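Close look at the chain arrangement
These are the residues of each chain, in order.
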Amino acid sequence: MNLFKTTAALGAVLLVGAGCSEELPTSPDPGMIPVEARTVEVRLPFASFAENPRTYSGFGSTSDVGRGEIARDFDGVLNAHTLVRFGAFPRSVTVRDTAGVSRTDSVLTFPEGRIVVHFDTLSIRGEPPLDVSAAAILTPWQSRTATWEMAVDTLGGSEPWPTPGGGPVRSVAQAEWNLADGDSVVMAVDSATLAEWRDTTNLARGVRLSMETPDARVRVRTAALRLDTRPSVRPDTIVQTSTGSGSITFIYDPVPDPAEEVLRIGGVPATRAVFDLNFPEVLDGPEEVCEVLGCPFELNPESVIFASLVLQAAPTPRAFRPVQSLSLDVRPVLSPERLPRSPLGSSLLQAPRELPASYFTEDGGGSIAIPMTSFVQAVISGTTNQGQATPRTLALLSAFEPESLDLATFAPPGSENEPYLRIVFTLTDGVTLP
């Protein structure tokens, strides 16, 4: 394969060093065996080493994230509700009766309660104070599969919401949240609603948390239910107890389609970017490359002393722009024919690469270099250290899938800031005996 047909096909060639020599300690004449070494850096544009970029989505669900999101018309696009099903109510409490004796009472009533929602203050998008609301869900739903359109979506059967977005609902409470009040908001719940949520056979039980302030978004860390109970042994006494969220998820609209014009990772369900490697066996031009390397230059793993894939961050749409850093992983695809559900190999990174949120703003941008020397050497040789065929397809993905609603976007192949492969070769002229 003739890789470098024109000068434009090669990103850059740099002669890093030359003239290194080694002495043979047993030789009476160190100059008798001269060894000349040259180090050359080559930057290969995407089309020179890879092909067939594509994106796949559908990995995991919002319930896997373990927290919620609420948004209303954020950036004129995004709406999100958090759905919470609280755990079982306490069955008994221990109190002292009028004689001062501790007694366990299992005949409990719950006259009132309070929903306590904790927010991630670093994730606020919008201008506080923010109005948030709580509403009782009236339709049977399943935390694991609920989406904006579907209340239940399993192989055993699917049921849409009567109203997209988790509706219809019955209003329970509304409150104003300001950062000056801390990271939480408290909303009162009446006894009738508590009776509904206490019934664990009620498949509709649960609360929908929503943002009421337009063009705002915030992440929900936790939601709990604090309960007031009046023990029968001391009906004049109020005992406070609580129950956490038995399950928490969120539903949102719209769900971004995999973007063909960019490389993208993240989101929920998670998105991955995939491309195939297509290394040449021989470099054969352009002239300035040949002047340094000598052409035709046969690629061999021994001459590669460093290699890295370099990505350029690109703006992500504001509605899905990261509010905190994301983490990038790179893994070989073991069975490309089974994509998008192919198993993946071990990470090529020693640790996930952190991607600052600032990289993906309109004024951001930043280069992300992914060291992959051993993998490139294995691709060139065709086999791994274990003698197995080297995978020829790579996947870019979040280190934790799904990690959040946020997306990380990279400049696509063919663009001004397309991915490139940086390779450093060390060449020797061999050994010459006089």
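How each quantity is defined
- Residues numbered from 1 in each chain as written.
- Predicted model: local features only at pLDDT ≥ 70, side-chain atom pairs only at ≥ 80, totals over all residues.
- Heavy atoms only, no water.
- Helix = DSSP H or I, 4+ residues; strand = E, 2+ residues; numbered from the N terminus.
- Buried < 20%, exposed > 50% of the residue type's maximum accessible area, 1.4 Å probe, protein only.
- Areas by Shrake-Rupley, 256 points an atom, 1.4 Å probe, with all protein chains shown as cover.
- 1 Å grid on protein atoms, 1.4 Å probe; cavity = no way out; pocket = protein on both sides within 12 Å on 5 of 7 lines; lining within 4 Å.
- Points joined across faces, edges and corners; volume = space filled by probe spheres on them.
- Nonpolar A, V, L, I, M, F, W, Y, C, P; charged D, E, K, R; others polar.
- Salt bridge = Lys/Arg side-chain N within 4 Å of Asp/Glu carboxyl O.
- Pairing = 2+ DSSP bridges.
- Core = buried A, V, L, I, M, F, W, Y, C linked by side-chain atoms within 4.5 Å.
- Contact = heavy atoms within 4.5 Å.
- pLDDT = per-residue confidence, 0-100.

Examining the overall build of the protein chain
- Within the protein chain, the secondary structure is distributed over four helices and 28 strands.
- Residues classed as buried in the protein chain amount to 48% of the 434 residues present.
- Approximately 20500 Å² of the protein chain is accessible, and the part contributed by carbon and sulfur atoms is 49%.

Considering empty space enclosed by the protein
- Taken as a whole and assessed by the stated rule, the structure comprises two cavities of 30 Å³ or more.
- The space that makes up the largest cavity amounts to roughly 80 Å³.
- In terms of lining residues, the largest cavity is bounded by 14 residues, among which Pro256, Gly267, Pro269, Thr271 and Leu407 are the most central.
- Each residue belonging to the lining of the largest cavity can be placed in one class, and the counts come to eight nonpolar, four polar and two charged.
- Estimates place the volume of the second largest cavity at around 40 Å³.
- Considering the residues around the second largest cavity, the lining is formed by Phe49, Phe275, Leu277, Phe279, Leu309, Met372, Phe375, Val376, Leu394 and Leu421.
- For the lining of the second largest cavity, the secondary structure elements donating two or more residues are strand E19 (270-277) and helix H4 (373-381).
- The residue makeup of the lining of the second largest cavity, split by class, is ten nonpolar, no polar and no charged.

Focus on the pattern of salt bridges
- The full count for this structure, using the stated rule, is 16 salt bridges.
- For Glu69, the salt bridge identified is with Arg217, shortest N-O distance 3.1 Å. A residue pair is termed long-range when its members are at least 10 positions apart, and Glu69 in strand E4 (residues 68-74) and Arg217 in strand E15 (residues 216-229) qualify at 148 residues. Each member of the pair Glu69 and Arg217 is classed as buried.
- Several salt bridges share partner residues, and in doing so they unite Glu69, Arg217, Arg219 and Asp406 into one network.

As for the pairing of E15
- In terms of residue burial, E15 counts as a mostly covered element, since ten of its 14 residues are buried.
- The sheet contact formed by strand E8 (residues 112-125) and E15 spans ten bridges and is antiparallel. Bridge assignment links Gly113 to a residue of E15, and that residue is Leu227.
- Pairing of E15 with strand E16 (residues 239-243) involves five bridges; the strand directions are antiparallel.

Things to note about H4
- Within the span of H4, buried status applies to Thr373, Phe375, Val376, Ala378, Val379 and Ile380.
- At the exit of H4 stands Gly382, carrying a positive phi of roughly 95 degrees.

Some remarks on the nonpolar core
- Ranked by internal contacts, the top residues of the largest apolar core, which has 42 residues, are Phe49, Phe279, Leu309, Leu396, Phe410, Leu421 and Ile423.
- Among the elements that take part in this core, strand E22 (residues 304-314) stands out by supplying five residues, more than any other.
- Discounting chain neighbours no more than four positions away, the residues touching Leu421 are Val42, Arg43, Leu44, Phe49, Phe279, Ser308, Leu309, Met372 and Val376.

Here we look at the layout of surface pockets
- Reported here for the largest pocket is a volume of approximately 460 Å³.
- Residue lining of the largest pocket: 22 residues in total, with Leu348, Ser374, Phe375, Ala378 and Thr384 positioned closest to the centre.
- It is H4 that contributes the most residues to the lining of the largest pocket, six residues altogether.
- Residue classes in the lining of the largest pocket are distributed as nine nonpolar, 13 polar and no charged.
- Each pocket or cavity is described by its volume, and for the second largest pocket that value is around 210 Å³.
- Together, 15 residues line the second largest pocket, and Ser61, Thr145, Ala146, Thr147 and Pro269 are the ones closest to its centre.
- Top contributing element to the lining of the second largest pocket by residue count: strand E17 (residues 245-253), with three residues.

Regarding the confidence of the model for the protein chain
- Overall, the predicted model of the protein chain reaches an average pLDDT of 85, with 87% of residues at or above 70.
- The secondary structure element of the protein chain with the lowest average pLDDT is strand E1 (residues 12-20), at 48, and the one with the highest is strand E14 (residues 207-211), at 98.
- Predicted confidence is poor over residues 1-11, with pLDDT under 50, and the contacts of this stretch with residues over four places away or in other chains come to 31 contacts.
- Note that residues 15-34 has pLDDT below 50 and, in this model, 31 contacts with residues that lie over four places away or in other chains.

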